[in-house]
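What follows is each chain in one-letter form.
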Amino acid sequence: MKQVIPLTIQSGLAQTGNCILMLGEVDGTRQIPLFIGAHEAQCIMLAQQSAKTRRPMTHEMMKGVMDTYGLTLRQVTIDRVEDGIFYSTLHISDGFNLSTIDSRPSDAVVLALLCDAPILVDDRVLDETGVEEIPAPAPLTDERTLELLEEELRQCEKREDYERAAEIQKQIEQLRK
């Protein structure tokens, strides 16, 4: 297993609303590109920036539940890739026992950031999907976060999810201040 960290998030395929999360080896030069949704990208960026939202997002709520019940996220592992789909596991301890929970990698990354837990990738996954270091695009800034939020707002309005759109609009207003 090799430790990785989130490096960048790029707008990927505009027509599908996907983004590309690049995870980079801590002690190496390889990176793994993961396709994630705009909402997940937003959550990762908010967690990286330790940004506070008006109400808890799902991952923040999960961390709150874990804290309340004395659970610790020991690590996140990205265990395998099948047909282009990555599989990850949360390794959670109650102080006595270690449990594992299947998770989407994007959700696992957000939770790892919130809990300050390491993200580990199986060597076979890294060998199969890793690419040599790619020159980084613009770093994750408030402006990039704003772009992703605005894209997610458009998607919410398209599907008439006005409640979520209102939440996003508030986050956009906070960033603009």
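Note that the coordinates shown come from a computational prediction; the quantities given were computed from them, not determined experimentally. For every chain, the first residue of its written sequence is number 1, and the numbers climb from 1 along that sequence. Note on the predicted model: pLDDT of at least 70 is required for a residue's local features to be given, and 80 or more for side-chain atom pairs to be given and counted; whole-chain, interface and lining totals, by contrast, use all residues. Heavy atoms from the whole structure form the basis of all side-chain values; hydrogens and water molecules are not counted.

A. Layout of the overall build of the protein chain. In this text, helices come from DSSP runs of H or I with a minimum length of four residues, and strands from runs of E with a minimum of two, each type numbered from the N-terminal end. The secondary structure content of the protein chain amounts to six helices and eight strands. The N-to-C order of helical and strand elements in the protein chain reads β-β-β-α-α-β-β-β-α-β-α-β-α-α. Taken over C-alpha atoms, the radius of gyration comes to 16 Å for the protein chain, in line with the 16 Å a tight globule of 177 residues would show. When its C-alpha atoms are laid out on the principal axes, the protein chain stretches across 40 × 40 × 30 Å. Accessible area is worked out with a 1.4 Å probe on protein chains only. A residue is then buried under 20% of its type maximum, exposed over 50%, and partly exposed in between. The buried share of the protein chain, taken over its 177 residues, is 41%. We call two residues in contact when some of their heavy atoms are within 4.5 Å. In the protein chain, of all internal contacts separated by at least 6 residues, the share reaching a separation of at least 24 is 52%. It is over C-alpha atoms that the radius of gyration is taken, and the globule rule equals 2.2 Å times the number of residues to the power 0.38.

B. View of the sheet that holds strand β3 (residues 30-37). Pairing in this open sheet of eight strands is mixed, and the strands run β6-β5-β4-β7-β1-β2-β3-β8 from one edge to the other. The outermost strands of the open sheet, each flanked by one partner alone, are β6 (98-103) and β8 (131-132). In the sheet, strand β5 (residues 85-93) pairs with β6 via six bridges, with the strands oriented antiparallel. From the neighbouring strand, Ser-93 faces β6, where its bridge partner is Leu-98. Simply put, an axis is a line fit to the C-alpha atoms, just over the touching stretch for a helix, and the angle between two N-to-C directions goes from 0 to 180 degrees. Across the sheet, helix α1 (residues 38-48) lies against β1 (2-11), β2 (18-25) and β3, angled at about 120 degrees from β3, the strand it touches most. Sheet strands touched by helix α3 (residues 105-115): β1, β2, β3, β4 (72-82), β5, β6 and β7 (119-121). Its angle to β5, the strand with the most contacts, is close to 35 degrees. Two strands pair if DSSP finds at least two bridges between them.

C. The pattern of salt bridges, seen in detail. Within this document, salt bridges are pairs made up of a side-chain nitrogen of Lys or Arg and a carboxyl oxygen of Asp or Glu, the two lying within 4 Å of each other. For the structure on display, the rule yields seven salt bridges. Two residues, Arg-30 and Asp-127, come together in a salt bridge whose shortest N-O distance is 2.8 Å. Taken together, the residues span a long stretch of sequence, with Arg-30 in strand β3 and Asp-127 in helix α4 (residues 123-129) at a distance of 97 residues. The structure contains a network of salt bridges with shared partners spanning Glu-25, Arg-30 and Asp-127.

D. Structural view of the pairing of β2. Of all eight residues that make up β2, seven are buried, and the element is covered over most of its length. Bridging between β1 and β2 involves seven bridges; their strand directions are antiparallel. Bridge pairing in β2 links Ile-9 to Leu-21. The pairing of β2 with β3 spans seven bridges and is antiparallel. Of the residues in β3, the one forming a bridge with Leu-21 is Leu-34. Between β2 and β3, which pair antiparallel one after the other, the connecting turn spans four residues.

E. Fine view of the packing of α1 against α3. One way to put it is that α1 packs onto α3 with a least axis distance of 9 Å and a crossing angle of 15 degrees. Between α1 and α3, the interaxial angle falls into the category roughly parallel. For α1 against α3, the interelement crossing comes out left-handed. Along the contact surface, α1 presents Glu-40, Cys-43, Ile-44, Ala-47 and Gln-48, while α3 presents Ser-106, Asp-107, Val-109, Val-110, Leu-113 and Leu-114. Considered class by class, the residues forming the contact of α1 with α3 number seven nonpolar, two polar and two charged. What sets the label is the angle itself: under 35 degrees gives roughly parallel, over 145 gives roughly antiparallel, 65 to 115 gives roughly perpendicular, and the rest give oblique. Each crossing gets its hand from how the near helix is turned against the far one by less than a right angle, where anticlockwise is left-handed and clockwise is right-handed. Amino acids outside the nonpolar list (Ala, Val, Leu, Ile, Met, Phe, Trp, Tyr, Cys, Pro) and the charged list (Asp, Glu, Lys, Arg) are all regarded as polar, and Gly is one of them.

F. Representation of the nonpolar core within the structure. Of all hydrophobic cores here, the largest spans 34 residues; its most connected members are Ile-9, Leu-21, Leu-23, Leu-34, Leu-73 and Ile-78. Broken down by element, this core gets its largest block of residues, six residues, from α1. Put simply, a nonpolar core is a bunch of buried Ala, Val, Leu, Ile, Met, Phe, Trp, Tyr and Cys residues held in one set by side-chain atoms that sit within 4.5 Å of each other. In this structure, Leu-146, Ala-165, Ile-168 and Ile-172 belong to the second largest nonpolar core, which totals seven residues.

G. Layout of α1. Within α1, nine of the eleven residues are buried, leaving the element largely enclosed by the surrounding structure. Those residues of α1 that fall on the buried side of the exposure criterion are Ala-38, Glu-40, Ala-41, Gln-42, Cys-43, Ile-44, Met-45, Leu-46 and Ala-47. Once α1 finishes, Ser-50 follows within two positions and takes phi at roughly 50 degrees, a positive value.

Note that all results are geometric; they support no functional claim without further evidence.
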